[in-house]
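Coordinates in review
Here are the chains, one letter per residue:
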Amino acid sequence: MSEQYDWRAAQERWLPIWERLDQFRVRPGSELPRKYVLDMFAYPSGDLHMGHAEAYAIGDVVARYYRLRGHNVLHPIGWDSFGLPAENAAIRRNTDPAEWTYANIETQAQSFKRYAVSVDWSRRLRTSDPEYYRWTQWLFLRLYERGLAYRNESRVNWCPQDQTVLANEQVIAGRCERCGAEVTKRTLTQWYFRITDYAQRLLDDMAALDGHWPQPVLTMQRNWIGRSEGAEVEFEIEGRAEKVTVFTTRPDTLFGATFFVVAADAALATELCAPEYRAELDTYLTSVKRLSDIERQSTDRPKTGVFLGRYAINPVNGEHIPVWAADYVLADYGTGAIMAVPAHDQRDLDFAREFGLPARVVLDTGAADPAQTGIATSGDGTLVNSGPLNGLAKDDAIAAAAALLAERNAGHAAVSYRLRDWLLSRQRFWGCPIPIVHCAQCGEVPVPDDQLPVRLPELRGADLAPKGISPLASVPEWVEVECPRCGGPGRRDTDTMDTFVDSSWYFLRYVSPSDDMRPFDPEELRRWAPVDQYIGGSEHAILHLLYSRFFTKALYDLGLVEFTEPFKAVLNQGQVILHGKSMSKSLGNLVDLGDELERYGVDAIRVTMIFAGPPEDDIDWADVAPAGAGRFLARAWRVCAETGAAECGGGPGDLAVRRAVARCVHDVTELIEKRRLNVAIARLMELTSALRKAIDRYGATEPAVRKGAEGLAIMLSLFAPYCAEDCWAALGHDAAAGDTVSRASWPAADPALLVAETVTCVIQVNGKVRDRIEVSPTAAAAELETAALASPAVIRLLDGHRPARVIVRPPRLVNVVLT
């Protein structure tokens, strides 16, 4: 036995053996209970980083645990390999994006293997493979046939740096979530998924996820969907036959509407504007287009706007109120128009004060008149100046106002959502082509299924530079095709899909990744899905998770899947930071994972990541100690090595050691089930110390130590696979013959050993602790009272007198009350 544990030698020794044994492949035809454990897609932007090290260590613990518990585990791996980073890298290097992408994938694949992630390599996916995106296109066409994919002209978010549109979810504080450039607006014809059709189902079905998904994730999704109850109100506009509908959560305040506002950049503003006011609107619109949505909605900016020369007619009182165009109303929110109630909405009041418009109080909250104070009043109150609504409380008034609108055929109670349809068009090359041909005669024509995939042409960096339209538009031999319907000239759609489309269904493909007849085998899907445990970052709480839920529900409605939620349980890991800040090149505080692995070894990094705290907490690399994790692993190895080298004695062994082992197995099992992984490692450290003391006291031949060492090796394999395999081999198991620790069975805790022989009973006199005695856990009250009164400390304080009373709480407490 070597004096020092050599982790480098362990890594070199076991990696080729594991690869040869291929022991993490799904067992086909097995009748074992199944578990589907999935880590979120990796993006191949380079080698693995510190965030990968945490996320994949956590997922690997869960997958290894279920295997040891006797499950057939599906734990696949893949790459979300389309997207802007690859395209931008190709532009810088003047290469094809595929070259950069697939080189990085191979680098990451080798790093995943080195990191001992127990995945089934036969199922790996790459979303940029034509064999994969063929089925992305096929699914798009099924949604198109259902009316869930459509094309529409609208004002969209535009990233001027990446030269592409962005979904609302990809705009963070007015900037592109990918490159940080300030987002502007453009009017473009784009492709959308009709996710709003599923808004209520997405909300309702979260009830089944409570307790299984992180509460912050569910809260973020609820807020993003943003259900609001209120009413749709139809306003007549002078000189216009068609009414304009607005949604309001406060129809009870309709009598307080003193003007009407339209988003300056909405088509409706131009439609409503009187000819003599058109020049003023055009000038104003030029200034509005320079502003971001964040700036427009800022409460600090002075309110601006122009009168459109028209009047709207309030349907509840017939009052004619002026129509204005303003920047504080957004074109893509609701109908792009609002009724302004300045006395009870601060933005409306600020606008009214800026332009001398009236503010009429219709809700008496007891506050001073907003027209005088400049402070709008909202919330609960009693309706005033509101005709038939006078005297009603808010909730009653809302219902009465909705009924009044319905009676006058001017509106009705309604529900509105903040959620907008998913904008999926991207004006870039490296993405899944949209399988639609545009024909002058036939319009939009789906590419027939037997012509899928629509493959990307080969392009290099010089041809990929952003031009405001997709680079695919500059490849005539790709764009110009026959119309699949009439045979006449047609043009392919040159936009590509948002990469979130690729990742919204990949978990379904993993069940049958080689199927070339359909996106997934229904029987295999029935066998494995939905995912039992999903692991990934909380930054995907809205985008990826919401889109995956929508896709699953849409495919359920199409009869393609038999479940409506993709992931039974979700676990979010925190970030790995340094000195309280996110790691980044610009801050100069990046920690290189490769350097850390070379310095401390894979197992020490994995243990450090998990031991640092609960999975959802951030890890500050400045506060952790990989060297300490290495010392713990060396101690565990030495216990197993000394035990394996000794001749094991007969009999069950020392009772105290057996109890310590049983307690550890019980606790670690419970902690893994609850995903309290850091505490599970602490228990293994305690067991290692207990076994060390037992060896020092009884010698390595002690039978209970042998059993404890085997249990330690098995449980340790979740966190430190290389060290655990060395421990297992030291205990006499032949891994070369397939007897690896990964194929062992999870240790069982004898329930009889978990029952304590004695417990400590505290003896108090007048509430103060005077003694402690060891008693049976089943000791009766009378027995405990007798034992307490026999305590020398109690006898001394009683001084020959009888106690006034004795309070007994079996088996932990006796309180003797003196006279």
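The numbering scheme is per chain: residues are counted from 1 as the chain's sequence reads. For this predicted model, a pLDDT threshold of at least 70 governs which residues receive local features, and a threshold of 80 or more governs which side-chain atom pairs are given and counted, while totals over whole chains, interfaces and linings are taken from all residues. The side-chain figures draw on all heavy atoms in the structure; neither hydrogens nor water molecules are used.

Some thoughts on the overall build of the protein chain
Looking only at helices and strands, the protein chain features 28 helices and 34 strands. Its C-alpha atoms give the protein chain principal-axis dimensions of roughly 100 × 85 × 50 Å. In this scheme, a residue with accessible area under 20% of its type's maximum is buried, one over 50% is exposed, and one in between is partly exposed, where area comes from a 1.4 Å probe on protein chains only. Counting all 819 residues of the protein chain, 54% fall into the buried class. For the protein chain, contacts bridging at least 24 residues in sequence account for 72% of all contacts bridging at least 6. All accessible-area figures derive from a Shrake-Rupley calculation using a 1.4 Å probe, and residue coverage is judged against the displayed protein chains alone. Summing over all exposed atoms, the protein chain offers an accessible surface of approximately 34,900 Å²; the carbon and sulfur share of this is 49%. Charged residues are defined narrowly, with Lys and Arg counted positive, Asp and Glu counted negative, and His plus the chain ends left uncounted. One atom stands in for each charge, and that atom is NZ of Lys, CZ of Arg, CG of Asp or CD of Glu. When the 90 positive and 110 negative side-chain charges of the protein chain are each reduced to one mean point, those points stand 4 Å apart. Helix numbers and strand numbers start at the N terminus; a helix is a DSSP run of H or I with at least 4 residues, a strand a run of E with at least 2. Throughout, a contact is declared for two residues whenever any of their heavy atoms are within 4.5 Å.

Notes on the pattern of salt bridges
Any carboxyl oxygen of Asp or Glu within 4 Å of a side-chain nitrogen of Lys or Arg constitutes a salt bridge here. Under the criterion given, the structure shown has 43 salt bridges. One salt bridge in this structure joins Glu99 and Arg460, with 3.3 Å as the shortest N-O distance. You can see Glu99 sitting in helix 4 (residues 97-114) and its partner Arg460 sitting in the loop between strand 22 (443-446) and helix 14 (476-479), a full 361 residues away along the chain. Glu99 gets classed as partly exposed once you look at its relative accessible area, which sits at 43%. For Asp380, the salt bridge identified is with Lys394, shortest N-O distance 3.2 Å. One end of the pair, Asp380, is in the loop between helix 12 (370-373) and strand 17 (382-383); the other, Lys394, is in helix 13 (residues 394-407), and 14 residues separate them in sequence. What makes Asp380 exposed here is its relative accessible area of 56%. One network of salt bridges, in which partners are shared, links Asp205, Arg549, Lys553 and Glu565.

Here's the deal with helix 1 (residues 7-21)
One turn of an α-helix holds 3.6 residues; hence residues three or four places apart share an orientation. End to end, helix 1 covers 21 Å across 15 residues, agreeing with the expected 21 Å (1.5 Å per residue, within 8%). The elements touched by buried residues of helix 1 are helix 4, helix 20 (602-611) and helix 25 (721-730). Definition of a polar contact: a pair of N or O atoms within 3.5 Å, with one able to donate and the other able to accept a hydrogen when the atoms are protein atoms, and with sequence-neighbouring residues admitted only if both atoms are side-chain atoms. At the N-terminal boundary of helix 1, the capping side chain belongs to Asp6, with an oxygen 3.2 Å from the backbone nitrogen of Arg8. Where helix 1 terminates, the next one or two residues include Asp22, which has phi positive at roughly 45°. Helix span, expected: 1.5 Å multiplied by one less than the number of residues in the helix.

Describing the packing of helix 1 against helix 25
Between helix 1 and helix 25, the shortest axis-to-axis distance is 9 Å and the interhelical angle comes to 85°. By the angle class used here, helix 1 and helix 25 are roughly perpendicular. Contact residues: Ala10, Gln11, Arg13, Trp14, Leu15 and Trp18 in helix 1; Pro721, Tyr722, Glu725, Asp726 and Ala729 in helix 25. Under the convention adopted here, Pro, Cys and the residues Ala, Val, Leu, Ile, Met, Phe, Trp and Tyr are nonpolar, Asp, Glu, Lys and Arg are charged, and Gly plus all remaining residues are polar. Per-class residue counts for the contact of helix 1 with helix 25 are seven nonpolar, one polar and three charged. Geometry is summarised by axes, namely lines fitted to C-alpha atoms with helices restricted to the contacting stretch, and by angles between N-to-C directions that run from 0 to 180 degrees. Any angle that is under 35 degrees is reported as roughly parallel, and any over 145 degrees as roughly antiparallel; angles of 65 to 115 degrees are reported as roughly perpendicular and all others as oblique.

Re the side chain of Thr136
The topology assignment puts Thr136 in helix 5 (residues 130-145). Here Thr136 falls in the buried class, since its relative accessible area comes to 1%. Ignoring anything within four residues of it in the chain, the contact list for Thr136 reads Cys432, Met497, Val501, Asp502 and Trp505.

Description of unusual backbone geometry
Put simply, Ala529 and Pro530 share a cis peptide bond, and its omega is 0°. Note on placement: Pro530 falls in the loop between helix 17 (522-528) and strand 26 (533-537). Pro810 connects to Pro811 through a cis peptide bond whose omega is -10°. Considering the arrangement of structural elements, one finds Pro811 in the loop between strand 33 (805-809) and strand 34 (813-817). Phi at Asn94 is positive, roughly 55°, even though this residue is not glycine.

So, the nonpolar core
Counting 93 residues, the largest nonpolar core has Tyr115, Met609, Trp621, Ile672, Leu684, Leu716 and Phe719 as its most contacted members. Looking at this core, the element that brings in the most residues is helix 2 (residues 50-68), giving 12 residues. Not counting chain neighbours up to four residues away, the residues in contact with Phe719 comprise Val61, Asp603, Arg606, Val607, Ile610, Ile672, Leu677, Ala680, Ile681 and Leu684. As used in this record, nonpolar core signifies buried Ala, Val, Leu, Ile, Met, Phe, Trp, Tyr and Cys residues forming a set joined through side-chain atoms within 4.5 Å.

Observations regarding the packing of aromatic side chains
Each aromatic pair joins two rings of Phe, Tyr and Trp (for Trp, the six-membered one) with centres within 6.5 Å, and gets the label stacked for planes under 30 degrees apart, edge-to-face for over 60, and tilted for any other angle. Summed over the entire model, instances satisfying the criterion amount to 41 aromatic pairs. Centroid distance Phe507 to Phe567: 5.0 Å. Interplanar angle 65°. Geometry classified as edge-to-face. Here Phe567 lies in the loop between helix 18 (543-557) and strand 27 (570-573) and Phe507 lies in helix 16 (residues 506-509), a separation of 60 residues in the sequence. Like Phe567, Phe507 is buried. By the ring-pair criterion, three or more aromatic residues cluster together here, those being Phe140, Tyr144, Trp191, Phe193, Tyr198, Trp422, Phe500, Tyr547, Phe550 and Phe551. Here Lys113 stacks its cationic end above the ring of Trp121, 4.9 Å away from the centre of that ring. Both a distance and an angle decide whether a charge sits over a ring: NZ of Lys or CZ of Arg must be within 6 Å of the ring centre and within 35 degrees of the ring normal.

Details of the sheet that holds strand 32 (residues 768-775)
What holds strands together in a sheet is hydrogen bonding between their backbones, with the strands either parallel or antiparallel. In space, the four strands of this open sheet follow the order 32-31-34-33, with mixed pairing throughout. Each of the sheet's edge strands pairs with one partner strand only, and the pair in question is strand 32 and strand 33. The sheet shows a mean angle of 20° between the axes of neighbouring strands, taken without regard to direction. Across seven bridges, strand 31 (residues 759-765) lies against strand 32 in antiparallel orientation. Looking across to strand 32, one finds that Gln764 is bridged to Val769. Here, strands pair whenever DSSP counts at least two bridges between them.

Looking at the sheet that holds strand 2 (residues 72-74)
With parallel pairing, the four strands of this open sheet are ordered in space as 2-1-26-27. Looking along the sheet, the strands with just one partner apiece sit at the ends: strand 2 and strand 27. This sheet shows a mean twist of 20° between the axes of neighbouring strands, independent of strand direction. Pairing of strand 26 with strand 27 involves four bridges; the strand directions are parallel. Residue pairing in the sheet places Gly536 in a bridge with Asn572 of strand 27.

So, helix 25
The buried fraction of helix 25 amounts to eight of the 10 residues, a majority that puts the element mostly inside the structure. What helix 25 keeps buried is the set Pro721, Tyr722, Cys723, Ala724, Glu725, Asp726, Cys727 and Trp728. For helix 25, the elements touching its buried residues are helix 1, helix 2, helix 4, helix 20, helix 21 (626-645) and helix 24 (703-716). A positive backbone phi angle near 105° is found at Gly732, which sits one or two residues after helix 25.

Purely geometric stuff here, so don't read any function into it on its own.
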